[in-house]
Amino acid sequence: MKKYLLYRDTSPKRASINYEKELNEEQIKVVTHKEGPVLVIAGAGSGKTRVVTYRVAYLLENGIQPQNILLLTFTNKAASEMLHRVEHLLKMDTRYVWGGTFHHIGNMILRSHAELVGLKKGFTILDNEDAKDLIEIVLKEMGLSGREIRFPKGAILREIFSYAINTMGGIEGAIIERYPYFYHLKDEIEAVYEKYSRKKLEINAVDFDDLLHYWYRILAENEDLRKYYAKRFSYILVDEYQDTNKIQAEIIDLIGMINRNVMVVGDDAQSIYSFRGADFRNVFDFPKRYTDCTIYKLETNYRSTPEILNFANESISHNKKQFHKNLKSVKPHGPSPVVTALRDVIQQAEFVAQRILELRDEGVPLNQIAVLYRAHYHSMEIQMELTRRDIPFEIRSGLKFFEQAHIKDVISFLRVFVNEKDEISWKRLLKIFPKVGKRTAEQIFERIQATTNPIDLFTQKKIGESFKRLSKDTIDTWSSLFAELKELKEKEAPADMINTVVGRVYGDYMRYNYPDYESRLDDLIQLANFASKYHSVEDFLSELSLMSGASGEEIIHPGVTDERVILSTIHQAKGLEWKVVFVVWCAEGRFPNSKSMDEDGIEEERRLFYVAATRAMDELYICYPMVYYEKHFGYVILKPSRFITELDTSVYEEWDVSESN
DNA sequence: ATTCGGAAAATTTTT
DNA sequence: TTTTCCGAAT
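Each residue is numbered by its place in its chain's sequence as written, counting from 1. Labels are handed out in written order, letters beginning with A for the chains and numbers beginning with 1 for the ligands. Only residues with pLDDT of at least 70 are given local features in this predicted model, and only at 80 or more are side-chain atom pairs given and counted; all residues enter the totals for whole chains, interfaces and linings. The basis for the side-chain values is all heavy atoms of the structure; hydrogens and waters are excluded.

### So, the overall build of chain A
Just so we agree on the cut-off: In this text, helices come from DSSP runs of H or I with a minimum length of four residues, and strands from runs of E with a minimum of two, each type numbered from the N-terminal end. Each residue gets one of three labels from its accessible area relative to the maximum for its type: buried under 20%, exposed over 50%, partly exposed in between, using a 1.4 Å probe on protein chains only. Whether two residues touch is decided by their heavy atoms; if any such pair falls within 4.5 Å, the residues are in contact. Note on areas: these come from Shrake-Rupley sampling with a 1.4 Å probe, and a residue is covered only by the protein chains present in the view. In summary, the charge assignment counts Lys and Arg as positive and Asp and Glu as negative, without counting His or the chain termini. Where a charge lies is defined by one atom per residue type, namely NZ (Lys), CZ (Arg), CG (Asp) and CD (Glu).
The helix and strand inventory of chain A stands at 29 helices and 19 strands. Dimensions of chain A, computed from C-alpha atoms along their principal axes, come out at roughly 80 × 65 × 60 Å. Going through the 661 residues of chain A one by one, you find that 56% of them count as buried. Of all intrachain contacts in chain A linking residues separated by at least 6 positions in sequence, the fraction that spans at least 24 positions is 78%. Accessible area for chain A stands at about 29800 Å²; split by element, carbon and sulfur atoms hold 51% of it. The distance from the centre of the 89 positive side-chain charges to the centre of the 99 negative ones in chain A is 4 Å.

Right under this line is the structure:
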């Protein structure tokens, strides 16, 4: 056979980027920084992404090998976008740059050293729901569930564990800080954690936090590997540093310790992930940990009009804890931000919808308009009103494409072929079949656990012998389905596996169980389509679990931006911008959320408000309903958010909305 | 003893 | 809209 060698071009093409022309003075300093640690305080809209992108390009242009650069970002999308821009600048292949979220990079590293922490190749990544389910299994085994016993549920325990790992403060620390009312259960909770950790190893699975935890441990406990990775990554760039947590900061310190070329970029005013253990003090402490670091500030805002920036600056000035910044706008003047009180949620939705239509008539494309809110369910009435008026929109919040039940059901069939011990997936898949509920699934799984080759239990119909109540039909289906899947797995054909599951069993299941059968079937067709890009079931699965891109639309047609209004939580709007932004539900108790009323909580909510406001380029509308109907209480009067009332009235304009009949 | 459907309750934010 | 709880049906 003839060998054909493909040469990849990994050297920059264009002779030189004209940095002076494309960047401002502040930015150039950062981009062309030579050696040593750097902290970049980058205000909202100050071209942070641009700076990171050009920095990577600059390094490559100066002969740094792509495999020696590590780019850590908040979402995988951000990383791939930045690398694409670098590719465009230099006309070179950036595939060898290590870029992605902490979790993504952690996964890659853990895949090469799985055995070091007691895992085997092909381990499963549990998402939050899977982790919760597994914790509940543990609870049951320990006799801590059931009606007679009051004990925190899996979802809450998962949060405690997660917080403990991410802040490295142990279970006790997490309980004291976030769940003091469970302090008396500390010992039991710790025992559950121990058992849960062991269980994960047994079934060869990790949760999101393990990807960081094990990564950290691999570095901390193995001098050789620590040196290897610290040498390998000669330049480390961390985006959104204000939203990193303790363990992430520690990881950076470890892999950066030899070359010390760590550049972190962030804005303390935009730290909004403390519930995930993010600590914006990482930004303050960076100069203490790297005493020789250079600090740069990017204070020129290219995004928003002076009016919007003024509004945002005035708002964030009410926060005590922050780095001093002096953000200046360079854009021409525009309209003042608008604050408007609406009668109720219905009127709020009508106002937003009507204004959107007017904006469209004025020539603003729909995809340049966003409606932002604090919590996903705040979008309900807006969705209804937009639908009623035939305004196309895209929702970026709520259940992610891959978190939907039908997606996870089908995926669980593939997962057991990669990891035969995957208890969560086995139980999930078994329950799809008639007469198999919780109990039967448990019993069948016990059989699976006791065999070396579980798939054969099904193909050889051994299950039927011990579970007589199951119909012959089910047993036969299993036999042929699993045989077929096994063959496809050997061919590494994830897409065909999906189609087989849907065609053989799941299509029917959906028809009988879901009223929206057709749209779910559509999702699965898209899923198979997406899977066809992969030639390894394992890669497909692990990438799937870490996929942050929200909607199916975004995953199936990346880069295709239809003319649609964006509906998003503020959290998910981070890093994005639109010409016109509506912020709805700005009422006390909603935003700020009533669950975040202590001092730190309020400051974080205010940062969130700041993030929302600074997403807008030209126009900003702040709305709140005055009354709200609640089932039990009837009409409730809402007060405008303190984030509005505390503002100097000169920074906004008030609109009085009335109805014409 | 289990499954499964239906009613009632609850809903911050995410890799 | 989804999750959880409860009781009827098997």
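### As for the protein's contact with DNA strand B
Short version of the rule: Proximity is defined per residue: if any heavy atom of the residue lies within 4 Å of a molecule or strand, that residue is considered near it. Counting of polar contacts relies on pairs of N or O atoms within 3.5 Å, with two restrictions inside protein: one atom must be capable of donating a hydrogen and the other of accepting it, and residues adjacent in sequence are counted only when both atoms are side-chain atoms. Only Asp, Glu, Lys and Arg are considered charged, only Ala, Val, Leu, Ile, Met, Phe, Trp, Tyr, Cys and Pro nonpolar, and every remaining residue, Gly among them, polar.
Around DNA strand B, the surrounding shell holds 27 residues, and the nearest of these are Asn128, Arg374, His376, Thr440 and Lys595. Take the atoms of DNA strand B that sit within 4 Å of the protein: sugar and phosphate atoms are 63% of them. Residue Thr101 places a side-chain N or O atom 3.4 Å away from a sugar or linking oxygen belonging to DNA strand B. Within the contact set of DNA strand B, a phosphate oxygen lies 2.8 Å away from a backbone nitrogen or oxygen of His376. Those elements that place two or more of their residues in the surface near DNA strand B are α19 (438–450) and α27 (570–573). Ranked by residues supplied to the surface near DNA strand B, first place goes to α19 with 4 residues. Here the residues of the surface near DNA strand B are counted per class, giving 6 nonpolar, 13 polar and 8 charged.

### Some words on the packing of helix α18 (residues 423–430) against α19
Applied cut-off: Under this scheme, a helix contributes an axis fitted over its contacting stretch, all axes are lines through C-alpha atoms, and angles between N-to-C directions fall in the 0 to 180 degree range. For classification purposes, angles smaller than 35 degrees are called roughly parallel, those larger than 145 roughly antiparallel, those between 65 and 115 roughly perpendicular, and all remaining angles oblique. Left-handed is the label given to a crossing in which the near helix is rotated counterclockwise from the far helix by less than a right angle, and right-handed is the label when the rotation is clockwise.
Closest axis-to-axis distance for the α18/α19 pair is 9 Å, and the angle between their directions is 130 degrees. The orientation of α18 relative to α19 falls into the category oblique. You can see that α18 and α19 cross each other, and the crossing is right-handed. Where α18 abuts α19, its residues Glu423, Trp426, Lys427 and Leu430 lie against Ala441, Glu442, Ile444, Phe445 and Ile448. Considered class by class, the residues forming the contact of α18 with α19 number 6 nonpolar, no polar and 3 charged.

### Focus on empty space enclosed by the protein
The cut-off we apply is this: For each structure, a 1 Å grid was placed over the protein atoms alone; sets of points admitting a 1.4 Å probe that cannot get out are labelled cavities, open sets with protein on both sides within 12 Å along at least five of seven lines are labelled pockets, and lining residues have an atom within 4 Å of a point. Grid points are joined across faces, edges and corners, and a volume is the space filled by probe spheres set on the points.
This structure, assessed with the given rule, holds 3 cavities of 30 Å³ or more. Quantified by volume, the largest cavity comes out at close to 80 Å³. Contributing to the lining of the largest cavity are Arg111, Gly122, Phe123, Thr124, Ile125, Arg415, Val418, Glu538, Leu541, Ser542 and Ser545. Looking at the lining of the largest cavity, the elements with two or more residues in it are β4 (124–126), α17 (405–418) and α25 (537–546). Here the lining of the largest cavity takes 4 residues from α25, the largest share from any one element. In the lining of the largest cavity, the residues fall into 4 nonpolar, 4 polar and 3 charged.

### Observations concerning the layout of surface pockets
Roughly 870 Å³ of volume is contained in the second largest pocket. If you trace the second largest pocket, you find 34 residues lining it, with Asp133, Glu136, Ile137, Lys140 and Lys438 closest to the centre. Of all the elements in the fold, those that place two or more residues in the lining of the second largest pocket are α6 (128–141), α18 and α19. When residues of the lining of the second largest pocket are assigned to their parent elements, the largest contribution, 7 residues, is made by α6. When grouped by side-chain class, the residues that make up the lining of the second largest pocket number 13 nonpolar, 4 polar and 17 charged.

### Details of the packing of aromatic side chains
Rules: Here a pair means two rings of Phe, Tyr or Trp (six-membered ring of Trp) with centres within 6.5 Å. Their orientation is stacked below 30 degrees between planes, edge-to-face above 60, and tilted elsewhere. Consider the ring centre and the ring normal. A charge sits over the ring if Lys NZ or Arg CZ is within 6 Å of that centre and within 35 degrees of that normal.
Inspection of the entire model under this criterion finds 40 aromatic pairs. Ring plane angle 40 degrees and centroid distance 6.1 Å describe the contact between Phe402 and Phe530, whose orientation is recorded as tilted. Highlighted residues: Phe402 in the loop between β13 (393–395) and α17 and Phe530 in helix α24 (residues 517–531), separated in sequence by 128 residues. Each member of the pair, Phe402 together with Phe530, is buried. Ring geometry for Phe609 against Phe643: centres 5.4 Å apart, planes inclined by 40 degrees, an arrangement best described as tilted. With a gap of 34 residues between them, Phe609 in helix α28 (residues 599–613) and Phe643 in helix α29 (residues 642–645) connect regions that are remote in the sequence. There is no split in this pair, since Phe609 and Phe643 are both buried. Ring pairs connect the aromatic residues Phe413, Phe417, Trp426, Phe433, Phe458, Trp478 and Phe482, which therefore count as one cluster. The aromatic ring of Phe123 is capped on one face by Arg111, whose charged end is 3.8 Å from the ring centroid.

### A short note on the sheet that holds strand β14 (residues 565–569)
Counted only if it meets this: Two strands qualify as a pair provided that DSSP identifies no fewer than 2 bridges between them.
In spatial order, the strands read β13-β14-β12-β15-β16-β11-β19; together these 7 strands make up an open sheet with parallel pairing. Sheet topology places β13 and β19 (653–656) at the edges, where each strand pairs with a single neighbour. Mean inter-strand twist for the sheet, computed between neighbouring axes without regard to direction, equals 25 degrees. In terms of strand pairing, strand β11 (residues 338–342) meets strand β16 (residues 616–625) through 5 bridges, oriented parallel. Bridging from a neighbouring strand, Ala341 pairs with Tyr624 of β16. Here helix α16 (residues 380–388) sits on the sheet and contacts β12 (369–373), β13 and β14; the angle it forms with β13, its principal contact strand, is near 155 degrees.

### Digging into the sheet that holds strand β6 (residues 235–238)
Pairing is parallel in the open sheet, where 6 strands are placed in the order β3-β2-β6-β7-β1-β8. On the outer flanks of this sheet lie β3 (98–101) and β8 (294–298), each paired with one strand and no other. Averaged over neighbouring strand pairs, the angle between their axes works out to 15 degrees when direction is ignored. Its contacts with the sheet place helix α3 (residues 48–61) against β1 (38–42), β2 (69–73), β6, β7 (262–266) and β8, and it is angled at close to 170 degrees to β6.

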